[in-house]
Amino acid sequence: MNNKMIFGVMVTVIGLVFSAFSFIYAALNPWNWNGIDGLLGSFLGTHTLLPFLIGMAAMIAGFVICFKEAYRK
């Protein structure tokens, strides 16, 4: 494994932990945000939607880096 692959794995793991924390926090704290119930209402009410999206973006970016490095010629 080269350095770019290790970097991709680290970014993926950090994104996974960050988004999982945001998801679990929102799921464990039910909220009603102006009539919006469910998980989206919890994300909006606990203000964890933006951190969740940032974590998911980091995780996807890490997957892309790993995929490119794994199939590089």
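Residues numbered from 1 in each chain as written. Predicted model: local features only at pLDDT ≥ 70, side-chain atom pairs only at ≥ 80, totals over all residues. Heavy atoms only, no water.

Digging into helix 3 (residues 49–70)
So, step 1. Helix length check: helix 3 (22 residues) gives 31 Å between terminal C-alpha atoms against 32 Å at 1.5 Å per residue, within 8%.
So, step 2. Buried residues along helix 3 sit against helix 1 (3–28) and helix 2 (38–45). (Helix = DSSP H or I, 4+ residues; strand = E, 2+ residues; numbered from the N terminus. Expected span 1.5 Å × (residues − 1). Contact = heavy atoms within 4.5 Å.)

Overview of the pattern of salt bridges
So, step 1. All chains considered together, the criterion is met by 1 salt bridge.
So, step 2. Of the charged contacts, one joins Arg72 and Glu69 as a salt bridge, the two residues approaching to 3.4 Å between their closest N and O atoms. (Salt bridge = Lys/Arg side-chain N within 4 Å of Asp/Glu carboxyl O.)

Describing the environment of Phe67
So, step 1. Checked against the element boundaries, Phe67 lands in helix 3.
So, step 2. Among the residues examined, Phe67 registers a relative accessible area of 54% and is labelled exposed.
So, step 3. In sequence terms Phe67 and Gly8 are 59 residues apart; their C-alpha atoms lie 8.8 Å from each other. (Buried < 20%, exposed > 50% of the residue type's maximum accessible area, 1.4 Å probe, protein only.)

Comments concerning a nonpolar patch on the surface
So, step 1. Nonpolar side chains collect at one region of the surface, where Met1, Ile6, Val9, Met10, Val13, Ile14 and Val17 lie side by side and expose about 700 Å² of accessible area between them.
So, step 2. Here Ile14 lies in helix 1. (Patch = residues over 30% accessible without salt bridge, like charges linked within 9 Å, V, L, I, M, F, W, Y side chains within 5 Å. Areas by Shrake-Rupley, 256 points an atom, 1.4 Å probe, with all protein chains shown as cover.)

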